[in-house]
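Listed here are the chains, written in short residue letters.
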Amino acid sequence: MNPLDPLPPELGPRTFALVAGVEKYEISRHWNLRGPARDALRFARWLTGPGGVPPGHVRLLLSPLDDPDSLDWSASSGLEALRDTHRPATEANTKAVLFNELPACDGDVLVIFWAGHGYTEPHRGDLMLPSADADTGQILHLNLDSALRWWRTSLVKREAFRYQAALVDACRVDAPREARWNFGANDYGGGATVPGRRQFRLYASREGEAAKNDAERGAGRFTEELLAELGERPVREAVSGLADTARSIHRTFLGLRARGEGWQLPQFVVDRNWDASSFLDDDVPGLVPPRAGRLDQSAWDGLGELFEGRDLPRCAYEAYLWAFKAAGCAAPARRGLPGDSLLEVAQDLDERHGGPGGMPLAVPFVRFLAEQGAAGDERWAARGRDWVRATRERLGLPALPPPPPPARTTALHVRLETPPGGEDGFLARMWLRREATEHIWESEGEPVRLDAVRDALVRHLGAAAKAWGADAEAGRLSGAVERIEFHVPYELLDLDFDQWQVPRGPGGRTRPLGVVYQVVVRCPQEREDTGAEWRGKWRWLWAQGGRHPDAVRVVADADADDGLGMELGAGAAPACVLAHTRTGARTSAVVEAVLEGGVPVALWHRAPALTRPGWSGGTGSAGGAGGVGGVGPDGSAGDLLALLEPAGEDGRPPDPGALDVLALPARVRAVRRAAAVAGAGAPAGDRRQPPGGDRLVLLWDDPDDTLILRSLA
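Residues numbered from 1 in each chain as written. Predicted model: local features only at pLDDT ≥ 70, side-chain atom pairs only at ≥ 80, totals over all residues. Heavy atoms only, no water.

Novice: Teacher, can you tell me more about the overall build of the protein here?
Specialist: Helix and strand content of the protein: 19 helices and 22 strands. In the protein, the proportion of contacts linking residues at least 24 apart, taken out of those at least 6 apart, comes to 75%. For the protein, the accessible surface area stands at approximately 30300 Å², while carbon and sulfur atoms represent 49% of it. (Helix = DSSP H or I, 4+ residues; strand = E, 2+ residues; numbered from the N terminus. Contact = heavy atoms within 4.5 Å. Areas by Shrake-Rupley, 256 points an atom, 1.4 Å probe, with all protein chains shown as cover.)

Novice: Would you mind going over the packing of helix α10 (residues 342-351) against helix α11 (residues 362-372) with me for this structure?
Specialist: Helix packing geometry: the angle between the two helix axes and the distance between the axes. Look at α10 against α11: their axes get within 9 Å of each other, and the N-to-C directions meet at 145°. The segment α10 lies against α11, with Leu342, Val345, Ala346 and Leu349 engaging Ala362, Phe365 and Leu369. Its residues placed into classes, the contact of α10 with α11 shows seven nonpolar, no polar and no charged. (Axes fitted to C-alpha atoms, helices over the stretch in contact; angles between N-to-C directions. Nonpolar A, V, L, I, M, F, W, Y, C, P; charged D, E, K, R; others polar.)

Novice: Can you walk me through the sheet that holds strand β5 (residues 127-130) in this structure?
Specialist: Note: strands within a sheet are paired through backbone hydrogen bonds, in either parallel or antiparallel orientation. Taken in spatial order, the four strands make up an open sheet running β6-β5-β4-β8, and their pairing is mixed. For this open sheet the edge positions go to β6 (141-143) and β8 (173-174), each flanked by a neighbour on one side alone. Examined bridge by bridge, strand β4 (residues 119-120) and β8 share two bridges and lie parallel to one another. By the bridge assignment for β8, Thr120 is matched with Asp174. The sheet contacts of helix α4 (residues 144-151) involve β5 and β6, and relative to β6 the element is tilted by about 50°. (Pairing = 2+ DSSP bridges.)

Novice: When you look at the packing of aromatic side chains in this model, what are you seeing that I'm missing?
Specialist: Aromatic ring pairs: the centre-centre distance and the angle between the two ring planes describe each pair. Taken as a whole, this structure holds 17 aromatic pairs when the rule is applied. Ring centres of Phe497 and Trp500 lie 5.3 Å apart, and the angle between their planes is 70°; on these two criteria the pair is classed as edge-to-face. One aromatic cluster is present, formed by Phe16, Phe99, Trp150, Trp151, Phe161 and Tyr188 through successive ring pairs. Taking NZ or CZ as reference, Arg310 lies 4.3 Å from the ring centre of Trp380, over its face. The ring of Trp500 is capped by Arg454, whose NZ or CZ atom sits 5.9 Å from the centre of that ring. (Phe/Tyr/Trp six-rings, centres within 6.5 Å; stacked < 30°, edge-to-face > 60°. Lys NZ or Arg CZ within 6 Å of the ring centre and 35° of its normal.)

Novice: Where do I start with a positive patch on the surface in this structure?
Specialist: Positive charge collects at one region of the surface, where Arg504, Arg509, Arg511 and Arg673 lie side by side. Looking at the secondary structure, you find Arg673 in helix α19 (residues 664-679). Classification of Arg673 as partly exposed rests on a relative accessible area of 36%. (Patch = residues over 30% accessible without salt bridge, like charges linked within 9 Å, V, L, I, M, F, W, Y side chains within 5 Å. Salt bridge = Lys/Arg side-chain N within 4 Å of Asp/Glu carboxyl O. Lys, Arg positive; Asp, Glu negative; His and termini not counted. Charge placed at Lys NZ, Arg CZ, Asp CG, Glu CD. Buried < 20%, exposed > 50% of the residue type's maximum accessible area, 1.4 Å probe, protein only.)

Novice: Looking at this structure, I do not really get the packing of helix α8 (residues 297-307) against α11. What am I missing?
Specialist: In the contact formed by α8 and α11, the axes pass within 13 Å of each other and the chain directions differ by 30°. Judged by the angle between their axes, α8 and α11 are roughly parallel. With respect to the hand of their crossing, α8 and α11 are arranged in left-handed fashion. For the pair α8 and α11, the contacting residues are Leu303, Leu306 and Phe307 in the first and Phe365, Val366 and Leu369 in the second. (Parallel < 35°, antiparallel > 145°, perpendicular 65-115°, else oblique. Left-handed = near helix turned anticlockwise from the far one by under 90°.)

Novice: So what exactly am I meant to see when it comes to the confidence of the model for the protein here?
Specialist: Detailed reading of the predicted coordinates is not advisable wherever pLDDT is low. Across the protein, the average pLDDT comes to 81, with 80% of residues at 70 or higher. Scored below 50 in pLDDT, residues 280-292 makes 17 contacts in the model with residues more than four places away or belonging to other chains. Low pLDDT, under 50, characterises residues 609-638; the stretch is placed with 72 contacts to residues that sit more than four places away or in other chains. (pLDDT = per-residue confidence, 0-100.)

Novice: I'm lost on the pairing of strand β12 (residues 411-417) in this one. Help?
Specialist: Regular strands place side chains that alternate from one sheet face to the opposite one. With seven of seven residues buried, β12 is to be regarded as a mostly interior element. Residues of β12 alternate between two faces, with Ala411, His413, Arg415 and Glu417 on one and Leu412, Val414 and Leu416 on the opposite face, all of them buried. Note: β12 against strand β13 (residues 427-433), seven bridges, orientation antiparallel. Bridge pairing in β13 places Ala411 opposite Arg433. Two strands pair when backbone bridges link them, and β12 and strand β15 (residues 483-487) are joined in this way by five bridges, in the parallel orientation. Bridge pairing links His413 to Glu485 in β15.

Novice: Looking at this model, I keep getting lost on helix α1 (residues 36-48). Mind explaining?
Specialist: One full turn of an α-helix is made of 3.6 residues, so residues set three or four places apart face in the same direction. With 13 residues, α1 extends 18 Å from end C-alpha to end C-alpha; this agrees with the ideal 18 Å at 1.5 Å per step. Along α1, 11 of the 13 residues are buried, which leaves the element largely enclosed by surrounding structure. When α1 is considered as a whole, its buried residues turn out to be Pro36, Ala37, Asp39, Ala40, Leu41, Arg42, Phe43, Ala44, Trp46, Leu47 and Thr48. (Expected span 1.5 Å × (residues − 1).)

Novice: What is the right way to look at the pairing of strand β20 (residues 576-580) in this model?
Specialist: In terms of burial, β20 is largely enclosed, as five of its five residues are buried. Burial along β20 is two-sided: the residues Cys576, Leu578 and His580 and Val577 and Ala579 are all buried. Summarising the sheet, strand β19 (residues 552-556) and β20 pair through five bridges and their orientation is parallel. Opposite Val552, over in β20, you have Cys576 as the bridge partner. As judged from the three bridges shared by β20 and strand β21 (residues 601-605), these two strands associate in the parallel manner. The partner of Leu578 across the bridge, within β21, is Leu603. With helix α17 (residues 584-596) bridging β20 and its parallel neighbour β21, the resulting β-α-β unit is right-handed. (Right-handed = clockwise from strand over helix to strand, strands pointing away.)

Novice: How should I be thinking about the sheet that holds strand β3 (residues 109-115) in this particular structure?
Specialist: If you trace the five strands from one edge of the open sheet to the other, you get β2-β1-β3-β7-β9, paired in parallel fashion. Sheet topology places β2 (58-63) and β9 (198-203) at the edges, where each strand pairs with a single neighbour. This sheet shows a mean twist of 5° between the axes of neighbouring strands, independent of strand direction. Looking at chain direction, β3 and strand β7 (residues 163-169) are connected through seven bridges and run parallel. Along β7, the bridge assignment pairs Leu110 with Gln164. Its contacts with the sheet place α1 against β1 (15-22), β2, β3 and β7, and it is angled at close to 165° to β1.

Written as structure tokens, this is what we have:
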């Protein structure tokens, strides 16, 4: 029996709709995505074309990346009519349509189509759809579940809108719980529930999953399949057959999963037909669900012993991502590890049911750890390999490809110490870190001036380049020097090492060291009292894949007080500080707080002379770059972020939470290179960065790459 039989044959004139597509968000340019506006237009074309719904019954809310006039409105006369009536997809417009305009209409069917971002509320699991005016102060949104509960009540006329369908092309991932992600609480209340009012919900993903969007084609995968199923059918036929449409689309995505194109591609939640019965695909005759790859009890017993007392290694996030690739699955859209221990990560992987061949995701995870996460503990690595071998044999699992070799950065380290007797100059040592560590130069217990250190550095950089060239000719690429790390006393942190001139090219040409290499400074001797915080923050940063909403803290003058160091060291975050300070004294205070709080990464503008003794460039500097940076003349505190992550097309400032901290050494070098191009008299159109990139100081204290050496004194 057709559930819509009691309704009139021509249902189009009795149908009303909210159609929304959100591509541009005020909160950050990193939220922007291309596709939802086009999806909304295509759905509106079906409604007002084959669907038979009058354009006046459709409320179209659009917030596209481009000018709305640049969109294709010519597909139908219905779209042409909507061109003059569409509105931005703000929270106010959404609430006006859903709770004021449409409830006042006299219709039988309500259709809600929404394309954009989506998050699930942590307590009730309600689907929150951010609106275009979502901002950092409050992420304004539509709580779809609360709105649908409202629409089932007596606040909508009792005989109206007996059938309501919500079709949503959005992710259903957990909303981040950090304080800066303030969704607030949207519960729209309602009246008494009206019996017989039915709702149909079709989502592009299950809870915890991301819906795929093809930015190049400007289309959501769910909308593509939905519109293909709807075809040229009128509303009455399409709405009546939504359960069959859901089954067909579900089979399509299960096929994608079976072909190894990812568990995370859109799949549909368990939901109800118009007659309130389930239309689970698992109940369809002849449909065989994919084999679930799970660990057995013996594997879990072995993991318990293997992981006991084992901290998360530095490569844990890399191992987590590789597990999905090795099993033929798409990795989660959200960065970072799902737990704080190896067992928690393994449990998360096991709950995802593995790849299309039944490979439990925890197996390649352990394989990666055994190859790269043993940190010199060959006995533990052998135990990990034994566990993988035994688990594969017992569960009949296919062979695994070898994990990729660890990414290595060839670095030349320079250590400077102040002589204990107060003599002029510095005690110095250099070593080269590749696969192994090679000691290459030492001042032999006698203090030397910085120009002697620079000369020795230039000689050994040349020797390393020749050695790399010889290896390249022999087919053994061991890696040229990419980074130079200066381990220095606190009073030398602001010295302009990156401006040291090194030979580059023919004719005696030289370039600043920081333009040719990644140049960072370090101060490990100041970490003795905060070693636990220092290592904990570094481990946390790697577990997040280098990027997290709380990883970066922007510090301005007003924050540089006596309590800042304690505040920075109170938790795992932040792991990076950007000093937007106006004076040398304030910059000095921030750097002291960074070291006190155990923060491993910091960035600031070099000052010509800081107020703390020893912070001036007069101890042997090869030429200081003048100017106090961090804040523009208008008092804004955004120029460091603008250097690292230029503002988007919408002109909004970049988001600190989007900064990849682990990529900062390479990014700072790119900024220095751009500043060198601008300073060399390039045309104004070639200035890819604002000025100030030649005054950057990057503190990069990697506790995993710090040698415990005897004092040079």
